[in-house]
Amino acid sequence: MVLMVVLAFVLCSVIAPNYAQGSQRLFQGLAPVATNGEPFPWNMLRLPDTVIPAHYHLLVHPNLTTLNFSASVRIEVDVMQSTDFIILHSKDLLITKAIIEEETGASQSRKPLQVLEYPPHEQIALVSSDMLLPGGKYFICIDYAANLSDGFYGFYKSTYRSKDGETRVLASTHFEPTSARMAFPCFDEPVFKANYSVVIRRGDKHIALSNMPKLKTVELGGGIFEDHFDVSVRMSTYLVAFIVCDFKSVSQITSTGIEVSIYAVPDKWDQTHYALEAAVKLLEFYEQYFNIYYPLPKQDLVAIPDFQSGAMENWGLTTYRETSLLFDAETSSASDKLWVTMVIGHELAHQWFGNLVTMQWWNDIWLNEGFARYMEFVSVDATYPELQVGDYLLGTCFAAIGRDSMNSSRPISSAAENPTQIKEMFDTVSYDKGACILHMLRSFLTEDIFQSGIVRYLKKFSYRNAKNEDLWNSIANTCSEEDFTSGEFCYSSSQASKNAYQYAGEHLDLKAMMNTWTLQKGIPLIIVERKGSTVTLRQERFLKAVLHSDPVWSSLQQGYLWHVPLTYITSNSKNIGRHLLETQSDTIELEGEVSWVKFNADMNGYYVVHYEGDGWDSLIHLLDRNHTALSHKDRTNLIHNAFQLVSAGRLTLDRALDLSRYLRHEAHNIPLLQGLGFLEAFYRMIEKRNITDVAQNLKACLNHTACVQNYILQYFKAVIDKQTWSDEGSVSDRRLRSEVLGLACDLGYPPCVKKAHQLFTDWVESNSTQVLGLVLFLPTDVIETVYSIGAQSAEGWAYLLEKYQVSMSGAEKNKILGALTSSKDTGKLLRLLELGMEGDVIRTQDLSTVIYSVSRNPIGHFLAWDFVKKHWSELVEKFHLGSFCIRNIIIGTTAQFSSREELEEVKMFFESIREQSSQLRVTQVAIENLEKNIKWLERNLETLRDWLLKSLQ
């Protein structure tokens, strides 16, 4: 999860692959001008490879009182081609001295370097009076200083308040993707791997942490100590990390001798123990699964009070938002525990995927993030089977489909050059779609072949960089001709095609197959029509916001073709059928007559299925008559498919709603949550709808009889009533409890509201007694529901806000914040937004969550949107363009707009900030999503009303 700083960048469409410039200055178009008015000798965003780093010697001395730092870096470099200038990255650093040392035998020369700065590309040029020659031994030595960053990037300050009210300061780093240059001048691109020797100076009340273990501490006098850390392995700049803090830790040694430590602020030390248990288990699992020992002697996991993303995989020193690492038994729910476990699984997977083997450039960031996201599920399923994490992979793929079915989506492997573009690559496509196509591939090839292929990939490219095709070649067991002739265990590319895997008796070109999933955007729609035992298949691009009848539909279909590994089951099948669809259409012959066929068994594939003819009728009948004939994953998949097809105009809404009727018989939580989720989404959209343009009888339905609300409460009454206000049951049971009771109370279901109100009253009274033995601890799975009911009164809201300020549990603070944003008082909602902007009571890291949550409140919907428009410049300054927070704010505040007036308003706002909005993909996503909502309501509102009225009779 990555966030970074961006300036106004001069965009350059030329990519710099390999350069042999020497002293020749490269000028294409207008020559860049340095800050001193002299010509800058490089005009590309990417660095030349004439000089490459080998070893950084970094000394950093932060002052936590003055909030700045002084530092020096000595970089051993290899000159690949003659040159008299070196281009590095540097951002907001005051360089006071730069020299170059050359060692020739026993002698050493030191000469000053002229420093030229070019801020638009965040680059400096070090110009030498002498030519630098290949084969020479050179060291670049730079002294510099800077302020600790006031955001979440580079070397930044963070604060926390102790139990006794003291504000304490620490300094931490976050470099991915392009912010190492804010902490030291460097070759800040992933391909420039090097070793690092880090020295940190600190006061006697603090400790210093870095990627490697501490070798020694030297006392300098005046209360200053100097910690020297061991030399790192070869790694990219974005993985370097160091922290100066006063944290406490808990440690354990793994079975292979790795010291794992969890660090947190002293008052939260007791919340670190579950993370330690999980980290040890997961690290040991990965060593066995990848068949490669973790290469460092220690792994620290540190909870940082101010942290914009979820976590960061710095090698040997992973950093986390507190809610992603700390677990408080009294306030953390089952979902919180699952989240902590999966985030740790994600970051530890990165120690191999991303750190050991790194993508060559950010266009293939999915090789890092898609794998880490998928390995969350693989690792947690193996180490904590009771968490039933496999069920949540469905939600990951549903999220990917939601984004990928829009024309504003992008290929998994996409061009990204400047920092804003790079930052936006850390999105649903890289993470979730990446994970889902890997799951499809694993299911397709079998676990053994998949695992051996990725182990081969990791071993071949250890401490190196890799591209998309390197992964496919490793899994397909192919290699270069050089590897083949040297005796490596692999096929040459020409031989591999003759020894291709077979799937359902058909030959497979793995690279060609997977290129259809990574080099083109979108997701296929498989159209199935069965006549007797013959199944006709067609594929086309699945689009939700563009209907088949739209004039542009045909042009948006051109050139799209996937190699789809289909799976299917039938009424007669004992085994899963398989077929590789490599063409636009094909046929399958089933064994005998069948009453139904269902494609995408257990949703192991990444595609949407539409059944023509009587296909949907037979499946709806099956679910209503004998739903357990299908697995719970297949049932969940059918619910999701049906409602997705409604958005695309392929299936009528009443048929999808007819399918969902079977849920009255459903006993499994996952399909229940899926069906309930769609109904809730319809309710939320209509709830926020400006109903002046809706027919009068629908107004009456919404305002007086509340069709959707009544249907949900009536139809799911049995499910609601059987929920207990406890923490009993499996993780799945507990998640269902949280969701169902939260929705029931929000819809005003009297028994739910009454119970929650009583629990809130009892909880407040028990806290006011100040007697520990009498304090009521609410069941963690219903805390937010209870708080939300309590927050509806002025006294309850004020009490919760006070509780928020003193709570030492990040999990509890999140639940309180969710409750506070559910208030129906616009004044209170505005106060929360203002507190988020101030960044004291509500941390800046949580501001985007506050905005998003207020926007989901029907009372605060337009309030949040107006707030974003008014404070846009300040928001961009706090979070920076392209960051997750900015994307979350844009999507969150526009997601449920559904009128043409709102569409025009959003477009006008984006036009007013065109200089920024034109750089972002997320603005296109927001507009297309809004257009989809408008079309959905225009086509389905009357159908929904009629179906609900009929169902409520």
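In the nomenclature of an unreviewed UniProt entry, the protein is known as Aminopeptidase of Huso huso.

Explain the overall build of the protein residue by residue, including any values.
Of regular secondary structure, the protein possesses 32 helices and 33 strands. By the compact-globule yardstick of 30 Å for 953 residues, the protein fits well, its C-alpha radius of gyration being 29 Å. Dimensions of the protein, computed from C-alpha atoms along their principal axes, come out at roughly 95 × 75 × 55 Å. Among the 953 residues that make up the protein, the fraction classed as buried is 61%. Across the protein, the fraction of contacts at a sequence separation of at least 24, relative to all contacts at a separation of at least 6, is 72%. For the protein, the accessible surface area stands at approximately 35,600 Å², while carbon and sulfur atoms represent 50% of it.

Any chance you could break down the packing of helix H3 (residues 366–383) against helix H8 (residues 468–475) for me, citing the residues and the numbers?
Where H3 contacts H8, the axes come no closer than 10 Å and their chain directions differ by 50°. In terms of axis orientation, H3 runs oblique to H8. Taken together, the residues of H8 that come into contact with H3 (itself represented by Trp 366, Leu 367 and Phe 371) are Asn 468, Leu 471 and Trp 472. Tallied by class, the residues present in the contact of H3 with H8 amount to 5 nonpolar, 1 polar and no charged.

Now, about the packing of aromatic side chains: what can you tell me, with residues and values included?
A full pass over the atoms with the stated rule returns 52 aromatic pairs. Aromatic pair Phe 187 and Phe 192: ring centres 5.7 Å apart, planes at 55°, arrangement tilted. Per residue, the accessibility class of Phe 187 equals that of Phe 192, and both read buried. Members of the aromatic cluster, joined through ring pairs, are Phe 285, Tyr 286, Tyr 289, Phe 290, Tyr 294, Trp 352, Phe 353, Phe 371, Tyr 374, Phe 450, Tyr 457 and Phe 461.

How would you sum up the nonpolar core? Please name residues and give values.
One finds Tyr 144, Phe 184, Phe 187, Phe 242, Ile 344 and Phe 599 to be the most contacted residues of the largest nonpolar core, which totals 311 residues. Top element by residues in this core is helix H1 (residues 273–290). It accounts for 12 residues. If we skip the residues at most four places from it in the chain, Phe 184 touches Tyr 56, Leu 58, His 89, Leu 93, Tyr 144, Phe 175, Tyr 196 and Val 240.

Describe the pattern of salt bridges, with residues and values.
Taken as a whole and judged by the stated rule, the model has 51 salt bridges. Between Asp 300 and Lys 298 there is a salt bridge, with the nearest N and O atoms lying 2.7 Å from each other. On the basis of relative accessible area, Asp 300 is assigned to the buried category, the value being 5%. Assessed through its relative accessible area of 6%, Lys 298 is described here as buried.

Thresholds applied
Residues numbered from 1 in each chain as written. Predicted model: local features only at pLDDT ≥ 70, side-chain atom pairs only at ≥ 80, totals over all residues. Heavy atoms only, no water. Helix = DSSP H or I, 4+ residues; strand = E, 2+ residues; numbered from the N terminus. Rg over C-alpha atoms; globule rule 2.2 N^0.38 Å. Buried < 20%, exposed > 50% of the residue type's maximum accessible area, 1.4 Å probe, protein only. Contact = heavy atoms within 4.5 Å. Areas by Shrake-Rupley, 256 points an atom, 1.4 Å probe, with all protein chains shown as cover. Axes fitted to C-alpha atoms, helices over the stretch in contact; angles between N-to-C directions. Parallel < 35°, antiparallel > 145°, perpendicular 65-115°, else oblique. Nonpolar A, V, L, I, M, F, W, Y, C, P; charged D, E, K, R; others polar. Phe/Tyr/Trp six-rings, centres within 6.5 Å; stacked < 30°, edge-to-face > 60°. Core = buried A, V, L, I, M, F, W, Y, C linked by side-chain atoms within 4.5 Å. Salt bridge = Lys/Arg side-chain N within 4 Å of Asp/Glu carboxyl O.

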